[in-house]
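So you can see what is in the structure, the chains are spelled out below.
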Amino acid sequence: MIIIMKPKASKEAIKKITCQIEEKGLQVHLSEGHEVTIVGVVGDKSLLGGINFEIAEGVDKVVAVTESYKLANRKFHPEASVVPVGSTSIGPETLTIMAGPCAVESREQLLETAFAVKKAGANFLRGGAYKPRTSPYSFQGLEEEGLKYMKEAREATGLAVICEVTSHHAIETAVKYVDMLQIGARNMQNFELLKEAGKAGIPVLLKRGLSATIDEWLNAAEYIMSEGNEHVVLCERGIRTYETSTRNTLDISAVPVLRSKTHLPVIVDPSHATGVRAYVPPLAKCAIAAGADGLMIEVHPNPACALSDGPQSLTFEQFEDLTASLRPYAKLEGRNLG
Ligand code: PEP
Ligand code: MN
């Protein structure tokens, strides 16, 4: 349920309502916009008994929120959220570009990539130190050693750094080195991991599960937010369909659908969506036109020798060409690209 206050509702009227709700053991989420304040109610509504908020002082109207996700719901927070990450932020004014290798393979590989993607206009360095591979015999990541290189790359370039976490232990370690945690597609409904990420104290990028509906995805975001972490960004990375020409099928319609359902920023990962380097640039453009707040792109100094996801990784030159070609698209959408 949300209680929409009148444009000139007094602070006292808002306070009275929030106290009444909290006294009944429910949580209040206040969204103070330019015009109106919205009081979001989280918890079991039946505990409110017969209180009729419609007739309370300063109230314009009461609207039921039927979706099970509340904090992630656009009705709770009508303005698009801006998520601050390190010295940068993800939101409607910028086109965030997260770029880097699938896996951190060595100090040299990571630093070289960090400088190259920074030069081309990226504002984030991505790199996996814990790799959830389909086969247990594939390269599993450098773990803490990889995180140390991420931190070094951040200090050397000023880029914000993001790394996937796959366990409670990985979260505890990663928060010491990176600016943002990534929950991968395979863990989107690992609810214990989501709760831990909600307590980590740094922003979280939540990728869409391989076969997850948008509502399941938003409920996963709610798990993180309900632990007190409002800084969640969603990443569409393709879903499983019957089509085999691409690794997954990029659900571009998820971008405008999410825009209407949630205030959280949305980015698109055309690399994992397609698995094919040549398809990354056209889908990156498509994502910007659909309204995405950013892109995640895999880049490697020598994709032919990459320990994972080489076929979808761009060379430095291809990435530089890509960002140059994206600038006019970003401008058209009123976004700055670094
Ligand atoms: C990744 O970003 O490295 C990754 C494994 O992606 P996803 O979880 O989308 O498969
Ligand atoms: Mn990858």
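Residues numbered from 1 in each chain as written. Chains lettered and ligands numbered in written order. Predicted model: local features only at pLDDT ≥ 70, side-chain atom pairs only at ≥ 80, totals over all residues. Heavy atoms only, no water.

Caption draft 1: A look at the layout of surface pockets. The calculated volume of the largest pocket comes to roughly 260 Å³. Lining the largest pocket are 21 residues, and of these Lys131, Arg186, Arg247, His272 and Asp309 lie nearest its centre. Here the lining of the largest pocket gets three residues from one element, more than from any other, and that element is strand 9 (residues 160–164). Classifying every residue of the lining of the largest pocket gives five nonpolar, seven polar and nine charged. Computed from the structure, the second largest pocket encloses a volume of approximately 200 Å³. Lining the second largest pocket are 15 residues; nearest its centre among them are Ala9, Lys11, Ile14, Glu32 and Thr37. Only helix 1 (11–23) and strand 2 (27–32) provide two or more residues apiece to the lining of the second largest pocket. Partitioned by chemical class, the residues of the lining of the second largest pocket number six nonpolar, four polar and five charged. (1 Å grid on protein atoms, 1.4 Å probe; cavity = no way out; pocket = protein on both sides within 12 Å on 5 of 7 lines; lining within 4 Å. Points joined across faces, edges and corners; volume = space filled by probe spheres on them. Helix = DSSP H or I, 4+ residues; strand = E, 2+ residues; numbered from the N terminus. Nonpolar A, V, L, I, M, F, W, Y, C, P; charged D, E, K, R; others polar.)

Caption draft 2: Region of the structure containing the nonpolar core. Counting residues in hydrophobic clusters, the biggest one holds 77 residues, and the most contacted among them are Leu125, Val178, Leu206, Leu295 and Phe319. Looking at which element gives the most residues to this core, the answer is helix 6 (residues 214–225), with seven residues. Inspection of this core shows a minimum of three residues originating in each of domain 1 (2–63) and domain 2 (83–332). (Core = buried A, V, L, I, M, F, W, Y, C linked by side-chain atoms within 4.5 Å. Buried < 20%, exposed > 50% of the residue type's maximum accessible area, 1.4 Å probe, protein only. Domains from an automatic or database assignment.)

Caption draft 3: Molecular detail of the coordination of the manganese ion (ligand 2). At the metal site, the manganese ion (ligand 2) is ligated by Cys102 (SG), His272 (NE2), Glu298 (OE) and Asp309 (OD), and these contacts range over 2.0 to 2.3 Å. The sequence pattern describing where the donors of the manganese ion (ligand 2) fall on their chain is C-x169-H-x25-E-x10-D. With a gap of 207 residues between them, Cys102 in the loop between strand 7 (96–100) and helix 2 (107–120) and Asp309 in the loop between strand 14 (294–298) and helix 10 (316–332) connect regions that are remote in the sequence. With respect to class, Cys102 is no different from Asp309; both count as buried. (Donors = N, O, S within 2.8 Å, 3.2 Å for Na, K, Ca; no water.)

Caption draft 4: Representation of the packing of helix 2 against helix 3 (residues 144–157). Between helix 2 and helix 3, the shortest axis-to-axis distance is 10 Å and the interhelical angle comes to 35 degrees. As helix 2 runs across helix 3, the sense of the crossing is right-handed. Taken together, the residues of helix 3 that come into contact with helix 2 (itself represented by Arg107, Leu110, Leu111, Ala114, Phe115 and Lys118) are Tyr149, Met150, Glu152, Ala153, Ala156 and Thr157. Looking at the contact of helix 2 with helix 3, its residues break down into eight nonpolar, one polar and three charged. (Axes fitted to C-alpha atoms, helices over the stretch in contact; angles between N-to-C directions. Left-handed = near helix turned anticlockwise from the far one by under 90°. Contact = heavy atoms within 4.5 Å.)

Caption draft 5: Highlighting the side chain of Asp293. Along the chain, the position of Asp293 falls in the loop between helix 9 (280–290) and strand 14. At a separation of 3.1 Å, a polar atom in the side chain of Asp293 contacts the side chain of Arg259. Only 3.0 Å separates the side chain of Asp293 from the side chain of Arg335, close enough to count as a polar contact. When neighbours within four sequence positions are excluded, Asp293 is seen to be in contact with Ile90, Gly91, Pro92, Thr94, Leu95, Thr96, Arg259, Pro265, Val266, Ile267 and Arg335. (Polar contact = N/O pair within 3.5 Å; in protein donor to acceptor, adjacent residues only side chain to side chain.)

Caption draft 6: Summary view of helix 9. Listing the buried residues of helix 9 in full gives Val280, Ala284, Ala287 and Ile288. Taken down its axis, helix 9 places every buried residue within 100 degrees of arc, on the same side. Looking at the packing, one finds that the buried side of helix 9 touches strand 13 (266–268), helix 8 (270–274), strand 14 and helix 10. Looking one or two residues past helix 9, Gly291 carries a phi angle of roughly 110 degrees, positive in sign. (Arc of directions from axis to C-beta.)

Honestly, that's just the spatial picture; any functional story needs more than this.
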